[in-house]
Amino acid sequence: MDGVGIQYRPSEDIAEAQKISQDLFDYVRGIVVDRHDNPRDDGVSEMVQAHAELFGRLELGKATADVANMLAGGIVTTAHLIGTAMLTLVRNPNVLAAVSADPGRITALIEEALRIDAPVQYVPRWTTKQTEFGGVTIPAGAQVNLLIGAADRDPAAFGEPDEARLDRPNQNDHLAFGQGIHFCVGAPLARLEARVAFEQLLARLADIRLDEQRSDVRNIDSLTFRGPRRLVLTFRGRR
Ligand code: HEM
C-alpha cells in the first residue's frame, strides 16, 4: 500500500491557536460541570469528585485545567511516541528485524524511543531557596528547566546514547515520564497504547519503509514537545 501517513499540524497562527485552546477549555468546562451535576461511571466524574473533596467545593477553573491537561498531555505525547518509535524502526533495519522476529522486544523499542526522543523535552521547577548546583548559584524563586531530552542522552548514563539498542541493562532508567511526586500518571497507559499499536502494525504490515519524499521528519516547532511533523510510510499487507 502506498502513502499512508499521519500528520500533526500545529497552528502557526497565534490567534487561531489561542482560539483553539479557548474552545477546548470551554468544551472541557462544560463536561466538568455536567459530571459535577450528574456524576456517572467515568474518569472525569472521579476527577471532579476528588477535586471537590480536596478543595471542599468544586473549583471550576482548577478542575477544568486538570481535566484539560490530562486530555492534552495524554494525546499529543503518545502520538509523538508512536511516531518516533516508527521512525526508529524504519531508520534501523537491524532493530526492525529484531522486533519483527520477536514482538516481545517491542517494549524495549518503546523505551528507546522515549529515551532518545523524549516527547516532553523539559519540565519546569522553581527553587524554594538559594541552591548550588554544578558550581552555579541559583537564587530562590528561580525557574529551573530540567532538560529531560539532554539527561536521557547523557553518555555517562547510556553508552552510545544516540543509538537505539534493545539490550540496555538500564533500559527503563530514562526520565521521559519525569520523576518523583509528579511522575506521569499516564505512563502505563502511554506504554500500553504504544505496545498495542506496534503489536498490531507489525502483525499486519511487511516491508515498512519511510517515504522520504513525502515525509517531513523535522521535529515540530515546540520547546516542550518533540515529535516528527509528518511520516508517510509504504508497506505490504501480510497475508
Ligand atoms: C509518551 C507519553 C507521555 C509522556 C512522554 C509524558 C510525560 C510526562 C512528564 C515528563 C510528566 C512530568 C511533569 C513534571 O514533572 O512536571 C508528566 C506528567 C503528567 N502526565 Fe504525562 N506523559 C505521557 C502520557 C500521558 C498520558 C497518556 C496521560 C493521561 C492519560 C498523561 C497525564 C499526565 C498528568 C496528569 C501529569 C501530571 C502528574 C502530576 O503532576 O502529578 N500523560 N507526563
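Our subject is the structure listed above.
Reference entry: report on the structure contained in this document. As the structure is a prediction and not an experimental result, all values here were calculated from the model.

It is worth spelling out the overall build of the chain at this point. Scanning the chain for helices and strands turns up seven helices and eight strands. Considered along the principal axes of its C-alpha atoms, the chain spans approximately 55 × 50 × 35 Å. By residue count, 34% of the 239 residues in the chain fall in the buried class. Within the chain, contacts between residues separated by at least 24 positions form 62% of all contacts whose residues are at least 6 apart in sequence.

We now examine the site of the ligand. As a matter of local geometry, the ligand sits amid 22 residues, with Gly74, Arg125, Ala176, His182 and Cys184 nearest to it. Interatomic distance of 2.6 Å between a side-chain N/O atom of Arg125 and an oxygen atom of the ligand. One of the side-chain nitrogen or oxygen atoms of His182 is found 2.6 Å away from an oxygen atom of the ligand. Counting residues per element, the ones that place at least two in the shell around the ligand are α3 (60–91), β2 (122–126) and α7 (187–204). Residue contributions to the shell around the ligand peak at six residues, all from α3. When grouped by side-chain class, the residues that make up the shell around the ligand number 14 nonpolar, seven polar and one charged.

The next thing to look at is the packing of α3 against α7. Contact geometry of α3 with α7 gives a least axis separation of 10 Å together with a crossing angle of 40 degrees. As summarised for this structure, α3 and α7 are arranged oblique, according to the angle between their axes. Of the two possible hands of crossing, α3 and α7 adopt the one that is right-handed. Across from Thr78, Leu81, Ile82, Ala85, Met86 and Leu89 in α3, the residues of α7 making contact are Ala190, Glu193, Ala194, Ala197, Phe198, Leu201 and Leu202. Taken together, the residues of the contact of α3 with α7 sort by class into eleven nonpolar, one polar and one charged.

The subject of this paragraph is the coordination of the iron atom of the ligand. Within the protein, just one atom coordinates the iron atom of the ligand: Cys184 (SG), at a distance of 2.3 Å. With respect to the helices and strands, the residue Cys184 is situated in the loop between α6 (148–151) and α7.

Tracing the backbone shows Val232 in strand β8 (residues 228–237). With relative accessibility at 3%, the residue Val232 sits in the buried group. Put simply, Val232 and Gln121 are 111 residues apart on the chain and 24 Å apart in space, counted from C-alpha to C-alpha.

Next up on the list: the nonpolar core. Judged by nonpolar contacts, the single largest core of 34 residues is most densely connected at Met86, Leu89, Val99, Leu109 and Ile208. Counting residues per element, the ones that place at least two in this core are α3, α4 (93–101), α5 (106–116), α7, β6 (205–210) and β8. In terms of residue count, α5 provides more of this core than any other element does, seven residues in total. Sequence-distant contacts of Val99, defined by excluding residues within four places in its chain, comprise Leu89, Arg105, Ile106, Leu109, Leu166 and Leu202. Residues Val28, Val44, Val48 and Val67 belong to the second largest nonpolar core, which totals eight residues.

Once that is clear, we can look at the pattern of salt bridges. One pass over the full model with this rule turns up 20 salt bridges. Of the charged contacts in the structure, one is a salt bridge between Asp117 and Arg153, with a shortest N-O distance of 3.5 Å. In this pair, Asp117 is assigned in the loop between α5 and β2 and Arg153 in the loop between α6 and α7, connecting sequence segments 36 residues apart. Asp117 gets classed as buried once you look at its relative accessible area, which sits at 16%. Relative accessible area serves as the criterion here: at 26%, Arg153 is assigned to the partly exposed category. As a salt-bridge pair, Arg236 and Asp207 come within 2.8 Å of each other at their nearest N and O atoms. Of this pair, Arg236 sits in strand β8 while Asp207 is found in strand β6, placing the two residues 29 residues apart along the sequence. Residue Asp207 is classed as partly exposed on the basis of its relative accessible area of 42%. The structure contains a network of salt bridges with shared partners spanning Asp34, Arg35, Arg40 and Asp42.

About the cut-offs
Residues numbered from 1 in each chain as written. Predicted model: local features only at pLDDT ≥ 70, side-chain atom pairs only at ≥ 80, totals over all residues. Heavy atoms only, no water. Helix = DSSP H or I, 4+ residues; strand = E, 2+ residues; numbered from the N terminus. Buried < 20%, exposed > 50% of the residue type's maximum accessible area, 1.4 Å probe, protein only. Contact = heavy atoms within 4.5 Å. Near = heavy atom within 4 Å. Polar contact = N/O pair within 3.5 Å; in protein donor to acceptor, adjacent residues only side chain to side chain. Nonpolar A, V, L, I, M, F, W, Y, C, P; charged D, E, K, R; others polar. Axes fitted to C-alpha atoms, helices over the stretch in contact; angles between N-to-C directions. Parallel < 35°, antiparallel > 145°, perpendicular 65-115°, else oblique. Left-handed = near helix turned anticlockwise from the far one by under 90°. Donors = N, O, S within 2.8 Å, 3.2 Å for Na, K, Ca; no water. Core = buried A, V, L, I, M, F, W, Y, C linked by side-chain atoms within 4.5 Å. Salt bridge = Lys/Arg side-chain N within 4 Å of Asp/Glu carboxyl O.

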